[in-house]
Amino acid sequence: MVMGPTHAMSGAAVWLAGCWAAGHWWDYHPDPVQLGVGAAVCAGAALLPDLDLSGRVTANKGGAIVAHTFGVVSLFLAECVEKISLGVYKLTRMRRDPQRHNGHRTLTHTWLFNVGLGFGVGELCTRFGKWAVIGVLFFMFALAIRGLLHTWAKKRGWVITTLCALAAAFSAYALLPTGRGYPVIGVAIAAGGIVHTFGDMITKEGCPVIWPLPTGRRTWREFGVPDAVAVKVGGGVERRLLLPVFVLVALVAGVAVLAPGFLHHLADSALG
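Residues numbered from 1 in each chain as written. Predicted model: local features only at pLDDT ≥ 70, side-chain atom pairs only at ≥ 80, totals over all residues. Heavy atoms only, no water.

An unreviewed UniProt entry lists the chain under the name Membrane protein, from Actinocatenispora comari.

Take a look at the structure:
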């Protein structure tokens, strides 16, 4: 799997770039709070699919980065997600799908799951309002902190991460506009999960993104790039190219949305 920080930063970068594109072509102009909340939610959601990678719960070891967000609680959640994913795999596999002993890169790594999750969360927030929104923001902010500030969060531990996410969730809710519904939260979650699958598709394992559509008597066919050009997890391409590019895209897109005149000024200065 691609490293957690790369996944999280790719989610933030895609959201910020998407907001710039939406403003340029569709007149969508989020304020700084909405932009930051969307980027954080998308960053957290870009880690969410790896909740299907469980570790040793009682020993608090193993599993994906995201599984350690809330200590043994999130490790237990990851164990449940992994078992459910494996169960869905076994129930829906076809003859040419291989036998599996774990559920990693199955259900949560499909486009149907991530779109459905985003839609469901958006409906939940719209229907139940304040406490649903705060709960979702708290969970997604915690994942974002664990991914974007991985070294800091690992050193401080899950309690500090939890407290920071809780404070950020209440603060964000207080600053967000009320009475408009919150479909954008669901969109950010769906986008982040789909971005995650593309990140995994550039590695050797690929992702079964079009499940449950069958291809060649398989419902769980992994799609990805050829092995010859696949990215090595934690290798030089990821650390020295992909992660810096995502950081740069996030910075430039964020400035382009919040201060478009500044970029025009820089361009004019460079040309002049």
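**Q** How should I be thinking about the packing of helix H2 (residues 32–45) against helix H5 (residues 130–148) in this particular structure?
**A** Each pair of packed helices can be described by the angle between their axes along with the distance between the axes. Between H2 and H5, the shortest axis-to-axis distance is 7 Å and the interhelical angle comes to 70°. Classed by the angle they form, the pair H2 and H5 counts as roughly perpendicular. Of the residues in H5, those touching H2 at Val37, Ala40, Val41, Ala43, Gly44 and Ala45 are Leu137, Met140, Phe141, Leu143, Ala144 and Leu148. Split by residue class, the contact of H2 with H5 holds eleven nonpolar, one polar and no charged. (Axes fitted to C-alpha atoms, helices over the stretch in contact; angles between N-to-C directions. Helix = DSSP H or I, 4+ residues; strand = E, 2+ residues; numbered from the N terminus. Parallel < 35°, antiparallel > 145°, perpendicular 65-115°, else oblique. Contact = heavy atoms within 4.5 Å. Nonpolar A, V, L, I, M, F, W, Y, C, P; charged D, E, K, R; others polar.)

**Q** Teacher, can you tell me more about the pattern of salt bridges here?
**A** Two side chains that carry opposite charge are able to pair once their charged atoms sit near each other. Under the criterion given, the structure shown has six salt bridges. Here Glu79 and Lys83 are joined by a salt bridge, their closest N and O atoms 2.7 Å apart. Placement of both Glu79 and Lys83 in helix H3 (residues 72–92) is noted, with a separation of four residues, approximately one turn of the helix. Across the salt bridge formed by Arg218 and Glu222, the nearest N and O atoms sit 3.1 Å from each other. Taking relative accessible area as the criterion, Arg218 reaches 14% and is therefore assigned buried. The class of Glu222 is partly exposed, set by a relative accessible area of 33%. Where salt bridges share partners, they join Glu79, Glu82 and Lys83 into one cluster. (Salt bridge = Lys/Arg side-chain N within 4 Å of Asp/Glu carboxyl O. Buried < 20%, exposed > 50% of the residue type's maximum accessible area, 1.4 Å probe, protein only.)

**Q** What should I look at first to understand the nonpolar core in this one?
**A** One recurring pattern in soluble globular proteins is that nonpolar side chains are buried together. If you look at the biggest cluster of nonpolar residues, it comprises 50 residues, and the most contacted ones within it are Val41, Leu137, Phe141, Ile185 and Ile189. Of all the secondary structure elements, the ones that give two or more residues to this core are helix H1 (4–26), H2, H3, helix H4 (111–128), H5, helix H7 (158–175), helix H8 (183–201) and helix H9 (236–258). Take this core: its biggest share by element is eleven residues, from H5. When sequence neighbours within four positions are dropped, the list of residues in contact with Ile185 reads Val41, Val121, Cys125, Val133, Val136 and Leu137. Of all hydrophobic cores here, the second largest spans five residues; its members include Val88, Tyr89, Leu107 and Trp211. (Core = buried A, V, L, I, M, F, W, Y, C linked by side-chain atoms within 4.5 Å.)

**Q** How do you make sense of the UniProt feature "transmembrane region" (unreviewed entry) in the chain when you look at a structure like this?
**A** Cross-referencing UniProt, the feature "transmembrane region" (unreviewed entry) maps to residues 128–145, 157–176, 182–199 and 241–263 in the present numbering. End C-alpha to end C-alpha, residues 128–145 measures 25 Å, and it is 94% helix and 0% strand. The distance from the first to the last C-alpha atom of residues 157–176 is 28 Å, and the span holds 90% helix and 0% strand. (UniProt positions renumbered as here; feature names shortened; annotations may be inferred.)

**Q** In this structure, what is going on with unusual backbone geometry? I would like to understand it.
**A** Trans is the common state for peptide bonds, and a negative phi is the common state for residues other than glycine. In this model, Trp211 is joined to Pro212 through a cis peptide bond whose omega is 10°. Positive phi, close to 60°, is recorded for Asp27, a residue that is not glycine. Take Asp27: it is sitting in the loop between H1 and H2. The phi torsion at Arg105 lies on the positive side, around 60°, for a residue other than glycine. Residue classification places Arg105 among the buried positions, given a relative accessible area of 7%.

**Q** Mind showing me how you'd approach the packing of aromatic side chains here?
**A** Remark: the centre distance and the inter-plane angle together describe each pair of aromatic rings, the angle taken between the planes. Inspection of the entire model under this criterion finds seven aromatic pairs. On the numbers, 5.9 Å between centres and 80° between planes, the contact of Trp20 with Trp25 is edge-to-face. In this structure Trp25 comes out as exposed when scored by relative accessible area, which is 56%. Aromatic side chains Tyr89 and Trp220 sit 5.2 Å apart centroid to centroid with 45° between the ring planes, which places their arrangement in the tilted category. (Phe/Tyr/Trp six-rings, centres within 6.5 Å; stacked < 30°, edge-to-face > 60°.)

**Q** In this structure, what is going on with the packing of H1 against H9? I would like to understand it.
**A** Between H1 and H9, whose axes approach to 8 Å, the crossing angle comes to 30°. If you check the angle between H1 and H9, you find them roughly parallel. The handedness of the crossing between H1 and H9 is left-handed. Between H1 and H9, the contacting residues are Pro5, Thr6, Met9, Ser10, Ala13, Leu16, Ala17, Cys19 and Trp20 on the first element and Glu238, Leu242, Leu243, Phe246, Val247, Val249, Ala250, Ala253, Gly254, Ala256 and Val257 on the second. Broken down by class, the residue content of the contact of H1 with H9 amounts to 16 nonpolar, three polar and one charged. (Left-handed = near helix turned anticlockwise from the far one by under 90°.)

**Q** What am I meant to see in H9 here?
**A** Residue pairs spaced three or four apart in an α-helix point in one direction, given the helix's 3.6 residues per turn. Spanning 23 residues, H9 covers 32 Å between terminal C-alpha atoms, matching the ideal 33 Å at 1.5 Å per step. The largest bend in H9 is about 25°, located at Leu242, with the proline Pro244 one to four residues further on. (Expected span 1.5 Å × (residues − 1). Bend = angle between axes of the 7 residues up to and from the residue.)

**Q** Help me understand the environment of Ser10 in this model?
**A** With respect to the helices and strands, the residue Ser10 is situated in helix H1. When the C-alpha atoms of Ser10 and Leu47 are compared, they prove to be 10.0 Å apart, with 37 residues separating the residues in sequence. The residues contacting Ser10, other than those within four sequence positions of it, are Val195 and Phe246.

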